[in-house]
Amino acid sequence: MKTRGIPSPCFVLDEIRLEKNLQLLDHIQKEAGVNIILAFKGFAMWSAFPLVAKYLSGATASSLNEVLLCVEKMKCKAHTYAVAYQDDEMPHILKNSSHITFNSLGQFEKHGPKAKAAGVSSAIRVNPEFSDVKTDLYNPSSPVSRLGMTSAHFSDGLPNGLEGLHFHVLCESDSHALERVLNSFEKKFGDLIGKVKWVNMGGGHAITREGYDVAHLIKLLRDFKEKYKVEVILEPGSAIAWQTGELYTTILDIVENGGVKTAIIDGSFTCHMPDCLEMPYRPKLRQGYADSSKGKFVYNIGGVSCLAGDFLEAYSFDRELAIGDELVFEDMIHYTMVKTTTFNGVGHPSIGIVRKNGEFELVRKFGYEDYKNRLS
C-alpha cells in the first residue's frame, strides 16, 4: 500500500528526527566548548537549513557553489576547503568565507596572501597517516594520499600566516577512532598545534548513531582544548541527517530470469543511491529484509536505469511482491541526495518534509527542465 500524499520516488525528511540530532550536537558543542558546523557534502537540503541554523552556527563548503549556498541559505560565511582553487573563483570564495583551508603548501603560497588581505583565516590540511576506515574509497590517510600534507613537509616549522590545522580521516567512526587519530595527529604535528588558533577535526564522526560514546567525545575535546588552548571545530555531514529520512519508491515491474525474480522500482541505485554501488552497502527496507534468509520470498531490487549493474541482490520479504507496491529505503538523507545524477534522463526524486505536526510538505518536484539545464 502506498503512503498517502507522498509522490514516488521521493526523498522524505522527518523534521522531528532531524531536530533530535541537532539538539544532541548542540549539547556536545556547549559541554565541550567547541563549534560543530554542517558539512554540505553530506547534507545540503537547504529547505531544512532554518532548523539547522537554530542549533549550528556555521557550515563548511568544498566549492564555490557550496560557498554561495552557505551565504544564501545558512545566512553566514563559509568555512571553506577545496582540494585546489581556481584563480577566477578565489575573489568570490574569499568574499564569502570566514575560514579557508588549503590542501597543499603550494596552494597556500599561491592564495594565502589574498586570504590574509581579505581578512580570512587560513589553515593547512594535514594527514595524520592514521585512520580506522576500511573502505579505500573513503580513506584519505594513506602516506601517498593527495589529500593534505604529511609531517615531512613541515621540517622548517609552520609557515607564517597559517592560523589553523585541519584533518579529515574518519568515516562514520566512533569517538575511540577519533582518539587514535588524535594520538597520531599529536605525535606528528604536536610541535605545530600550539602555534595555531584553531584545529578543524573534520567529519566522519557518527555522533548521532545509537551507542556512540558522547561522554567520551566530550572529554576528548575538552582535554585537547585545555592542552593546546585552541578553538576546536567539527564538521560532520552524515551525523546531522543520520536516520532522519527515507527514499520512497514504487515497483513498476517484476522480471524473472534463471529462477531469480527482480522487482524493478521507479528509483535507481546508480542515479539516486550511488553509495549502494560504490561503498558498497545494503540499505534497510521498511517492507523487507536485507538478509535473504529472513523472509520467505527473495527478490533482487532493480533500478530503472539501463546500467546492467543498477540492482542489489537478494532482499527477502514475508509475502510476494506485486506491481504497484511501495518500497521504502531507510536512512537515505545523508550522502544520498547530494550525490544523485540524471544519468539516462532518469528523473530526480521529489523532495519533501514531514513537519513536526505530522503533515507532509512537498518542497520540490523535478522535471524535464531540470534534466535539460544540466546539459547544453
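Scroll up for the structure.
Notes on the structure follow. (Residues numbered from 1 in each chain as written. Predicted model: local features only at pLDDT ≥ 70, side-chain atom pairs only at ≥ 80, totals over all residues. Heavy atoms only, no water.)

### Topic: the side chain of His79
Alright, step 1. As for its position among the elements, His79 is in strand S5 (residues 78-82).
Alright, step 2. By relative accessible area, His79 is classed as buried at 12%.
Alright, step 3. Not counting residues up to four positions away in its chain, the partners in contact with His79 are Ile37, Ala59, Thr60, Ala61, Ser98, His99 and Ile233. (Helix = DSSP H or I, 4+ residues; strand = E, 2+ residues; numbered from the N terminus. Buried < 20%, exposed > 50% of the residue type's maximum accessible area, 1.4 Å probe, protein only. Contact = heavy atoms within 4.5 Å.)

### A look at the packing of helix H1 (residues 15-32) against helix H7 (residues 214-228)
Alright, step 1. Orientation of H1 relative to H7, taken along the N-to-C sense of each, is 35 degrees, at an axis distance of 9 Å. Of the two elements, H1 crosses H7, and the hand of that crossing is right-handed. Each of Leu24, His27, Ile28, Glu31 and Ala32 in H1 lies in contact with H7, whose residues at this interface are Val214, Leu217, Ile218, Leu221, Arg222 and Lys225.
Alright, step 2. For the contact of H1 with H7, the residue count by class is seven nonpolar, one polar and three charged. (Axes fitted to C-alpha atoms, helices over the stretch in contact; angles between N-to-C directions. Left-handed = near helix turned anticlockwise from the far one by under 90°. Nonpolar A, V, L, I, M, F, W, Y, C, P; charged D, E, K, R; others polar.)

### Things to note about the nonpolar core
Alright, step 1. Ranked by internal contacts, the top residues of the largest apolar core, which has 96 residues, are Phe167, Phe185, Met201 and Phe224.
Alright, step 2. Top element by residues in this core is helix H6 (residues 175-193). It accounts for eight residues.
Alright, step 3. Dropping the residues within four chain positions of it, Phe185 is found in contact with Val126, Pro128, Leu165, Phe167, Gly190, Ile193, Val199 and Phe224. (Core = buried A, V, L, I, M, F, W, Y, C linked by side-chain atoms within 4.5 Å.)

### Observations regarding the packing of H6 against H7
Alright, step 1. The contact between H6 and H7 brings their axes to 11 Å, and the two run at 10 degrees. With respect to H7, the element H6 is oriented roughly parallel. On the side of H6, the interface is formed by Ser175, His176, Leu178, Glu179, Leu182, Phe185, Glu186, Gly190 and Ile193, while H7 contributes His216, Leu217, Leu220, Phe224, Lys227 and Tyr228. (Parallel < 35°, antiparallel > 145°, perpendicular 65-115°, else oblique.)

### Looking at the pairing of strand S15 (residues 326-329)
Alright, step 1. The side-chain alternation of S15 yields two buried faces, one formed by Glu326 and Val328 and the other by Leu327 and Phe329.
Alright, step 2. Of the strand pairs in this sheet, strand S11 (residues 245-257) and S15 are connected by four bridges, and their pairing is antiparallel. If you follow Tyr248 over to S15, its bridge partner there is Val328. (Pairing = 2+ DSSP bridges.)

### A word on the pairing of strand S17 (residues 360-364)
Alright, step 1. As defined by bridge partners, strand S16 (residues 350-354) adjoins S17 across four bridges and the pair is classed as antiparallel. Bridge pairing in S17 links Val354 to Phe360.

### Quick word on the pattern of salt bridges
Alright, step 1. Within the structure shown, the criterion is met by 23 salt bridges.
Alright, step 2. We note a salt bridge from Lys188 to Glu129, for which the minimum N-O separation is 3.9 Å. Note that Lys188 is positioned in helix H6 and Glu129 in the loop between strand S7 (121-125) and strand S8 (162-166), a separation of 59 residues in sequence.
Alright, step 3. Given a relative accessible area of 29%, Lys188 falls into the partly exposed group. (Salt bridge = Lys/Arg side-chain N within 4 Å of Asp/Glu carboxyl O.)

### Structural notes on the state of the cysteines
Alright, step 1. Throughout the structure, instances matching the rule amount to zero disulfides.
Alright, step 2. With no disulfide of its own, Cys70 lies closest to Cys76 among cysteine sulfurs, the gap being 3.7 Å.
Alright, step 3. Cys70 sits in the buried class, given a relative accessible area of 0%. (Disulfide = S-S within 2.5 Å.)

### Remarks on helix H5 (residues 105-117)
Alright, step 1. Spanning 13 residues, H5 covers 18 Å between terminal C-alpha atoms, matching the ideal 18 Å at 1.5 Å per step.
Alright, step 2. Of all bends in H5, the biggest is about 50 degrees, found at His111, and the proline Pro113 comes one to four residues later.
Alright, step 3. Turning to H5, its buried residues are Leu105, Gln107, Phe108, His111, Gly112 and Ala115.
Alright, step 4. Turning to H5, the residues buried within the fold contact helix H4 (90-95), strand S6 (97-102), S7 and S8.
Alright, step 5. Once H5 finishes, Gly119 follows within two positions and takes phi at roughly 75 degrees, a positive value. (Expected span 1.5 Å × (residues − 1). Bend = angle between axes of the 7 residues up to and from the residue.)

### Concerning the packing of aromatic side chains
Given two aromatic rings, their pairing is described by the distance between the two centres and the angle made by the two planes.
Alright, step 1. Applying the stated criterion to the full structure yields ten aromatic pairs.
Alright, step 2. Residues Tyr85 and Phe102 carry aromatic rings whose centres are separated by 5.6 Å and whose planes lie at 75 degrees to one another, so their mutual orientation is edge-to-face. In this pair, Tyr85 sits in the loop between S5 and H4 while Phe102 sits in strand S6, placing the two residues 17 residues apart along the sequence.
Alright, step 3. Ring plane angle 45 degrees and centroid distance 4.9 Å describe the contact between Phe224 and Tyr228, whose orientation is recorded as tilted. (Phe/Tyr/Trp six-rings, centres within 6.5 Å; stacked < 30°, edge-to-face > 60°.)

### A closer look at unusual backbone geometry
Alright, step 1. Along the chain, Ser8 connects to Pro9 via a cis peptide bond; the corresponding omega equals -5 degrees.
Alright, step 2. Note on placement: Pro9 falls in the segment before strand S1 (10-14).
Alright, step 3. Between Met279 and the following residue, Pro280, the backbone shows a cis peptide bond with an omega angle of -15 degrees.
Alright, step 4. Although it is not a glycine, Lys229 sits at a positive phi angle of roughly 55 degrees.
Alright, step 5. Among the structural elements, Lys229 can be located in the loop between H7 and strand S10 (231-234).
Alright, step 6. The backbone phi angle of Asn344 is positive, close to 70 degrees, even though this residue is not glycine.

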